Amino acid sequence: MNPVNYLYLAALLFTIGATGVLVRRNAIVVFMCIELMLNACNLAFVAFSRMHGNLDGQIIAFFTMVVAAAEVVVGLAIIVSLFRTRHSASVDDASLMKL
Amino acid sequence: MENLIALLIAAPLLGAAVLLVGGRRLDAVGHWIGTLLAAASFVVGLVLFAGLLGRGTEDRTLTQHLFSWIPVAGFQADVTFRLDQLSMTFVLLITGVGSLIHLYSVGYMEHDERRRRFFGYLNLFLAAMLLLVLADNYLLLYVGWEGVGLASYLLIGFWQHKPSAATAAKKAFLVNRVGDMGLSIAIMLMFTTFGTFAFGPVLGHVGDTSEGRLTAIGLMLLLAACGKSAQVPLQSWLGDAMEGPTPVSALIHAATMVTAGVYLIVRSGALFNAAPDAQLAVTVVGAVTLLFGAIVGCAKDDIKKALAGSTMSQIGYMVLAAGLGPVGYVFAIMHLVTHGFFKAGLFLGAGSVMHAMNDEVDMRKYGGLRKYMPVTFVTFGLGYLAIIGFPGLSGFFSKDKIIEAAFAKGGTEGWILGGAALLGAAITAFYMTRVMLMTFFGEERWRNRPTPSPAEPSVEPAAEERGEHAEPHPHESPKVMTIPMIVLAVGSVFGGAFFSLGDRFLHWLEPVTGHQEGHPPVSAWTVTAATLVCLVLGAGLAWAQYGRRPVPAVAPRGSLLTRAARRDLLQDDFNHVVLVRGGEHLTRTLVYLDHSLVDGVVNGTAASVGGLSGRLRRLQNGFARSYAVSMFGGAAVLVAATLLMRAV
């Protein structure tokens, strides 16, 4: 199968994720969309690795997974504590950080 | 013998230090310490004078190198003293008249509780003035120049509890500063032109320098001389300086300090000789001032201010003579010395009169004092005869020579300058006769009488409010005051004849200043005769106005010229309108420019940055999704830009 198709898929996934981040209010959904974007990138890395015939892209994909795992831990903790204090998971409600 | 020169300055300097630092412990003897140290300086001066006389005519310049003051590569300022015939003349005048006036002040300041301080200041003045005339370079001269300015300031404002005295001191200091600027600029110009400011090298290399440079230096020196010697246009301080105690007026503002400008010009004679334009400016200043001062002197009712006008006028004569070049240098200095005698004598006489009259200075409240104060009358009278140039007395010899030299200038200039000097002689005779008649002759206007002019009763109560209704009891001053007056009177009688007969003074001073015989277009006898006619005319006019008729106790309104002359020929008004108002307008404009232009740029920048950031701040609204939009937008722009660059 032509590896370029994987790139199309990655672009599609990234677009879906980005749109989700911009239009959805629920913090959990936004968070999942971010994960979607990260994995789209991973897919692109792996596809490029295959196309260029070296392992650099695959190694970077592992790095990305590690960072994403750590990010999930921190991000979910923030969302949980946000929900506990404000009884809402909407990102638009948490808009106090402004002048 | 050279080593004695520093001692001349050291003695009064020590006196000043001891008296000013010593505190109240010295109150009882302070005045005698001051007088003794001044006299010691005079004795040292006499010893040096005898030493100089013992040498050959060309070998009479002594120098003493004390130490290197500012030794920098290419800039060498030394503390070196130079004693030649010119400095020696000044040293004897300063210490001699100075000692006499110290002695006089012992009596005059007897009841002043700050007498010790007064003598400290007087000694400080002597030290600074001696430094001025003994310096071997212009920078050291400048130190002395500023020193006498300081002493003058301190002494004019000695009675600082009087606001008028404090103001007068400040005025004298500020006006003098203008002249000091001239001197400092002249010294800087000298340094850039000659690379040094010692008298020898500067005056020796005049020949190799462009005339424009020399004219600039000469004019700056003239400005300095105008400030210190109260010449037009920087003359306004001298009249007010009479607020100081009378011995100060006699010593500083008549006999010595105010002649420093003449010294400066004569000392820089070689430079002025090579710059005819500057020399012409000097003569013009001298001629204008001699008439200006004389006219002011005619209108003043305050005896000291009348004498101050006279001082201005007489120094005008000296400056005029100094501007005439080698023809006049010797006569300028000769008039300076004789003037030192008779003007100091006149001021001391005026002080003696004030002492007797409860410090009243208005001559219209004097009259008929000759019976009560015979010694003062005789000494003042001799000084009077000397200053108007009565034949045989010192003013006759010195002033006559200056008038001759002015005519000898030749051409139209010679006639104008000579005519001004002659006219000045007539006015001198007028105002001095007026002072003499109003003070010592006529009815005794100081006695309490019913208001003399009932038409103007408002004048008298004011006098009573000042506590002056007590009738004064004129009395002769104590011996300690009359002896200096007698000595000075003797000097004013015989000084001129002693100097002139056999051309003694000329031969003495010629090696330093150079001399060249003037050839007036008319014979010397004609000039003398004309001077005498002027004298008789001036004195006669004064007698007709003040001797024959009684003097009104309240000054009449007078003509326009009289009223202007009473206000010092509007010099203060002129200064106020042109300089003070002008300065105010200038500062206001500058303040306005500062506010609108400079502050405008600064504040405008700050305001625009503030406004811009206020707008940028709105972007931070707290919504995470809008931040995400900006991030995506930015990333999209970056990607687009990268692709665009690739494509190009």
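Quick caveat, the model's predicted, so the values are computed rather than measured.

Reading the values: rules and limits
- Residues numbered from 1 in each chain as written.
- Chains lettered and ligands numbered in written order.
- Predicted model: local features only at pLDDT ≥ 70, side-chain atom pairs only at ≥ 80, totals over all residues.
- Heavy atoms only, no water.
- Helix = DSSP H or I, 4+ residues; strand = E, 2+ residues; numbered from the N terminus.
- Buried < 20%, exposed > 50% of the residue type's maximum accessible area, 1.4 Å probe, protein only.
- Areas by Shrake-Rupley, 256 points an atom, 1.4 Å probe, with all protein chains shown as cover.
- Contact = heavy atoms within 4.5 Å.
- Lys, Arg positive; Asp, Glu negative; His and termini not counted.
- Charge placed at Lys NZ, Arg CZ, Asp CG, Glu CD.
- Salt bridge = Lys/Arg side-chain N within 4 Å of Asp/Glu carboxyl O.
- Axes fitted to C-alpha atoms, helices over the stretch in contact; angles between N-to-C directions.
- Parallel < 35°, antiparallel > 145°, perpendicular 65-115°, else oblique.
- Left-handed = near helix turned anticlockwise from the far one by under 90°.
- Nonpolar A, V, L, I, M, F, W, Y, C, P; charged D, E, K, R; others polar.
- Buried area = accessible area lost by both parts, 1.4 Å probe.
- Polar contact = N/O pair within 3.5 Å; in protein donor to acceptor, adjacent residues only side chain to side chain.
- Pairing = 2+ DSSP bridges.
- UniProt positions renumbered as here; feature names shortened; annotations may be inferred.
- Expected span 1.5 Å × (residues − 1).
- Disulfide = S-S within 2.5 Å.

Q: How should the overall build of chain A be read in this particular structure?
A: Helix and strand content of chain A: three helices and zero strands. Ordered by position from N to C terminus, the α and β elements of chain A give α-α-α. Here the C-alpha coordinates of chain A stretch approximately 50 × 25 × 25 Å along the principal axes. Counting all 99 residues of chain A, 30% fall into the buried class. Accessible surface for chain A amounts to roughly 6700 Å². Of this, 73% is attributable to carbon and sulfur atoms.

Q: Before we go on, may I ask you to explain the overall build of chain B in this structure?
A: The helix and strand inventory of chain B stands at 25 helices and two strands. For chain B, with 648 residues in total, the buried portion stands at 53%. Long-range contacts, defined here as pairs at least 24 residues apart, represent 80% of the contacts in chain B between residues at least 6 apart. Accessible surface, chain B as shown: approximately 27100 Å² in total, 67% of it carbon and sulfur. Distance from the positive charge centre (47 side chains) to the negative charge centre (43 side chains) of chain B: 7 Å.

Q: Is there a simple way to think about the pattern of salt bridges in this case?
A: Pairing between side chains of opposite charge can happen when their charged atoms approach one another. Summed over all chains, the structure comprises 22 salt bridges over all chains. Across the pair Asp92 of chain A and Arg25 of chain A runs a salt bridge, and its minimum N-O distance is 3.2 Å. A residue pair is termed long-range when its members are at least 10 positions apart, and Asp92 of chain A in the segment after helix H3 (56–86) and Arg25 of chain A in the loop between helix H1 (4–23) and helix H2 (27–52) qualify at 67 residues. Classification of Arg25 of chain A as exposed rests on a relative accessible area of 51%. Note that Arg24 of chain B and Asp27 of chain B form a salt bridge whose closest N and O atoms lie 4.0 Å from each other. Residue Asp27 of chain B is classed as partly exposed on the basis of its relative accessible area, which comes to 26%. Through salt bridges with shared partners, a single network forms among Arg82, Asp84, Asp136 and Arg267 of chain B.

Q: Looking at this structure, I do not really get the packing of helix H11 (residues 260–267) of chain B against helix H15 (residues 329–356) of chain B. What am I missing?
A: Helix-helix packing is characterised by the crossing angle of the two axes and by the distance between the axes. Residues and elements named next belong to chain B. At a minimum axis separation of 10 Å, H11 and H15 run at an interaxial angle of 160°. When the axis of H11 is compared with that of H15, the two are roughly antiparallel. For H11 against H15, the interelement crossing comes out left-handed. Across the interface between the two elements, Val262, Ile265 and Val266 from H11 touch Tyr329, Ala332, Ile333 and Leu336 from H15. When its residues are assigned to classes, the contact of H11 with H15 shows seven nonpolar, no polar and no charged.

Q: Whenever I open this one, the interface of chain A and chain B confuses me. Can you help?
A: When the parts of a complex come together, some accessible area is lost, and that lost area is often used as the size of the interface. Residue-level contacts link 14 residues of chain A with 10 residues of chain B. Between chain A and chain B the total buried area reaches about 1000 Å² when both faces are included, carbon and sulfur atoms providing 64% of it. Where chain A meets chain B, there are one salt bridge. Across the pair Arg625 of chain B and Asp92 of chain A runs a salt bridge, and its minimum N-O distance is 2.6 Å. Between chain A and chain B we count three residue pairs in polar contact (both at pLDDT 80 or more) in total. At four residues, H1 of chain A tops the list of elements feeding residues into the side of chain A that touches chain B. Class assignment for the residues of the side of chain A that touches chain B results in nine nonpolar, one polar and four charged.

Q: It is not clear to me how the pairing of strand S1 (residues 62–72) of chain B should be interpreted in this structure. Could you clarify?
A: Looking down a regular strand, the side chains alternate between one sheet face and the other. Residues and elements named next belong to chain B. As defined by bridge partners, S1 adjoins strand S2 (residues 75–83) across nine bridges and the pair is classed as antiparallel. Along S2, the bridge assignment pairs Ile70 with Ala77. Turn length for the S1-S2 hairpin, with the two strands adjacent in sequence and antiparallel, is two residues, and the turn residue Gly74 shows positive phi of about 80°.

Q: Could you clarify how one ought to interpret the UniProt feature "transmembrane region" (unreviewed entry) in chain A in this entry?
A: Residue and element names in this part refer to chain A. Those places that UniProt annotates as "transmembrane region" (unreviewed entry) correspond, in this numbering, to residues 6–23, 28–48 and 60–83. A helix fraction of 100% and a strand fraction of 0% characterise residues 6–23, whose end C-alpha atoms lie 26 Å from each other. Measuring from the first to the last C-alpha atom of residues 28–48 gives 30 Å, for a span that is 100% helix and 0% strand.

Q: Please clarify how the packing of helix H14 (residues 303–323) of chain B against helix H17 (residues 394–407) of chain B should be interpreted in this entry.
A: Residue and element names in this part refer to chain B. Where H14 contacts H17, the two axes come as close as 10 Å, and the packing angle between them is 45°. Between H14 and H17, the angle falls in the class oblique. Where H14 crosses over H17, the handedness of that crossing is left-handed. For the pair formed by H14 and H17, the contact residues are Gln314, Tyr317, Leu320 and Ala321 on the first element and Lys399, Ile402, Ile403 and Ala406 on the second.

Q: Got a minute to help me understand the UniProt feature "domain: NADH:quinone oxidoreductase/Mrp antiporter transmembrane" (unreviewed entry) in chain B in this structure?
A: Annotation from UniProt places "domain: NADH:quinone oxidoreductase/Mrp antiporter transmembrane" (unreviewed entry) at residues 135–417 of chain B. Secondary structure within residues 135–417 of chain B divides into 75% helix and 0% strand; the distance between the first and last C-alpha atoms comes to 32 Å.

Q: What exactly am I supposed to notice about helix H16 (residues 374–388) of chain B here?
A: One turn of the α-helix equals 3.6 residues, which is why residues spaced by three or four share an orientation. Residues and elements named next belong to chain B. Taking 1.5 Å per residue, 15 residues should reach 21 Å; H16 reaches 21 Å between its end C-alpha atoms and fits that length. Among the residues of H16, Thr376, Thr379, Phe380, Gly381, Gly383, Tyr384, Ala386, Ile387 and Ile388 are the ones counted as buried. Where the residues of H16 are buried, they touch H14, H15, H17, helix H18 (411–440), helix H20 (479–500) and helix H22 (524–547). One or two positions beyond H16, positive phi appears at Gly389, with a value near 85°.

Q: Just to check I follow, could you spell out the state of the cysteines for this structure?
A: Covalent bonding between the sulfur atoms of two cysteines defines a disulfide. Residue and element names in this part refer to chain B. On inspection of all chains with the given rule, the structure shows zero disulfides over all chains. Unpaired in terms of disulfides, Cys534 finds its nearest cysteine sulfur in Cys298, a separation of 13 Å. Given the relative accessible area of 14%, Cys534 is considered buried.

Q: Help me out: how do you make sense of the side chain of Glu35 of chain A in this one?
A: Structurally, Glu35 of chain A can be placed in helix H2. Notably, Glu35 of chain A is buried but unbridged: the nearest opposite-charge side chain belongs to Arg24 of chain A, and the N-O separation is 16 Å.

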